[in-house]
Amino acid sequence: MTAADRYSFRKATVNDLPLLAAWRSNPHVRAWWGSDGSHDAADLADPRVARWIVSTAERPFAFMQDYTVHGWENHHFAKLPKGSRGIDQYIGDPEMIGVGHGTAFIGARMRALFDAGVPVIGTDPHPANERAIAVYRKLGFEPLGPPQETQWGLILPMTARQ
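Residues numbered from 1 in each chain as written. Predicted model: local features only at pLDDT ≥ 70, side-chain atom pairs only at ≥ 80, totals over all residues. Heavy atoms only, no water.

Draft legend 1. View of the side chain of His76. Looking at the element boundaries, His76 is found in the loop between strand E3 (59–68) and strand E4 (85–91). The buried category is assigned to His76, whose relative accessible area is 16%. Only 2.7 Å separates the side chain of His76 from the side chain of Asp124, close enough to count as a polar contact. Not counting chain neighbours up to four residues away, the residues in contact with His76 comprise Asp124, Gln148, Thr150, Trp152 and Ile155. (Helix = DSSP H or I, 4+ residues; strand = E, 2+ residues; numbered from the N terminus. Buried < 20%, exposed > 50% of the residue type's maximum accessible area, 1.4 Å probe, protein only. Polar contact = N/O pair within 3.5 Å; in protein donor to acceptor, adjacent residues only side chain to side chain. Contact = heavy atoms within 4.5 Å.)

The following block contains the structure:
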């Protein structure tokens, strides 16, 4: 069984809002995603962003989103080629942290994006989030420059190409 077979990605819906709020309330998620609220129906309807509930063995455990990097004015990835996507994610279920799921499900989603023709994938962890940066490096991401302050906070811009 491949990693892609072990993980399923389904579009997040309004029925998932309580689950997402519960995950966002966990300290390990709040540390990097903040506590300034969770998603709402308007977020889920935003056509620039695809939001996913990630499951393994039919157990939902993570949130992932991919988005057009050209959907916001002055986005830090706006100079990437047309069709590039950004990704963000977190493991919401604390029992699923530290056992390899992050690298595996992010890699599975990256393969799906590259297979769909995405030329470059960007991600932007906080520069102090060493665990996330290590996972991204393992998946082929490289820093695109030094840390920078953005409208979403301090980030380390990173990109991966197929």
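Draft legend 2. Looking closely at the packing of aromatic side chains. Scanning the model with the defined rule gives ten aromatic pairs in all. A centroid spacing of 4.9 Å and a plane angle of 80° characterise the contact between Trp33 and Tyr90, whose relative ring orientation is edge-to-face. Within this pair, whereas Trp33 is found in helix H3 (residues 27–33), its partner Tyr90 is found in strand E4, the two being separated by 57 residues in sequence. With a relative accessible area of 5%, Tyr90 lands in the buried category. Between Trp72 and Trp152, the ring centres sit 6.2 Å apart and the planes meet at 90°, which makes this aromatic pair edge-to-face. With a gap of 80 residues between them, Trp72 in the loop between E3 and E4 and Trp152 in the loop between strand E7 (148–150) and strand E8 (153–155) connect regions that are remote in the sequence. Taking the relative accessible area as the measure of exposure, Trp72 reaches 22% and is therefore partly exposed. (Phe/Tyr/Trp six-rings, centres within 6.5 Å; stacked < 30°, edge-to-face > 60°.)

Draft legend 3. Structural view of the packing of helix H5 (residues 101–115) against helix H6 (residues 130–138). For the pair H5 and H6, interaxial distance at closest approach is 10 Å and the crossing angle is 50°. In this view, H5 runs oblique relative to H6, as classed from their interaxial angle. Handedness of the crossing formed by H5 with H6: right-handed. Across the interface between the two elements, Gly102, Thr103 and Ile106 of H5 pack against Val135, Tyr136 and Lys138 of H6. Residues belonging to the contact of H5 with H6 are distributed by class as follows: three nonpolar, two polar and one charged. (Axes fitted to C-alpha atoms, helices over the stretch in contact; angles between N-to-C directions. Parallel < 35°, antiparallel > 145°, perpendicular 65-115°, else oblique. Left-handed = near helix turned anticlockwise from the far one by under 90°. Nonpolar A, V, L, I, M, F, W, Y, C, P; charged D, E, K, R; others polar.)

Draft legend 4. Highlighting the pattern of salt bridges. Applying the stated criterion across every chain, the model contains six salt bridges. The closest approach of N and O atoms between Arg10 and Asp16, which form a salt bridge, is 2.8 Å. Judged by its relative accessible area of 7%, Asp16 falls in the buried class. Here Arg85 and Asp66 are joined by a salt bridge, their closest N and O atoms 2.7 Å apart. Linking Arg85 in strand E4 with Asp66 in strand E3, this pair joins segments that are 19 residues apart in sequence. Here the salt bridges do not stand alone but share partners, grouping Arg59, Asp93 and Glu95 into one network. (Salt bridge = Lys/Arg side-chain N within 4 Å of Asp/Glu carboxyl O.)

Draft legend 5. Structural context of helix H2 (residues 17–24). Of the positions making up H2, those classed as buried are Leu17, Leu20, Trp23 and Arg24. Buried positions in H2, seen along its axis, are confined to an arc of 125° and lie on one side of it. (Arc of directions from axis to C-beta.)

Draft legend 6. Main features of the nonpolar core. Grouped together as the largest cluster of nonpolar side chains are 26 residues, with contacts concentrated most on Phe61, Phe105, Ile106, Ile121 and Phe141. Elements with a minimum of two residues in this core: strand E2 (49–56), E3, E4, H5, H6 and strand E9 (158–161). Of the residues forming this core, the biggest block, six residues, is contributed by H5. Setting aside its immediate chain neighbours within four residues, Ile121 contacts Arg85, Ile87, Met110, Leu113, Phe114, Phe141, Met158, Thr159 and Ala160. One finds Leu17, Leu20, Val29 and Phe63 within the second-largest nonpolar core, a separate group that totals nine residues. (Core = buried A, V, L, I, M, F, W, Y, C linked by side-chain atoms within 4.5 Å.)

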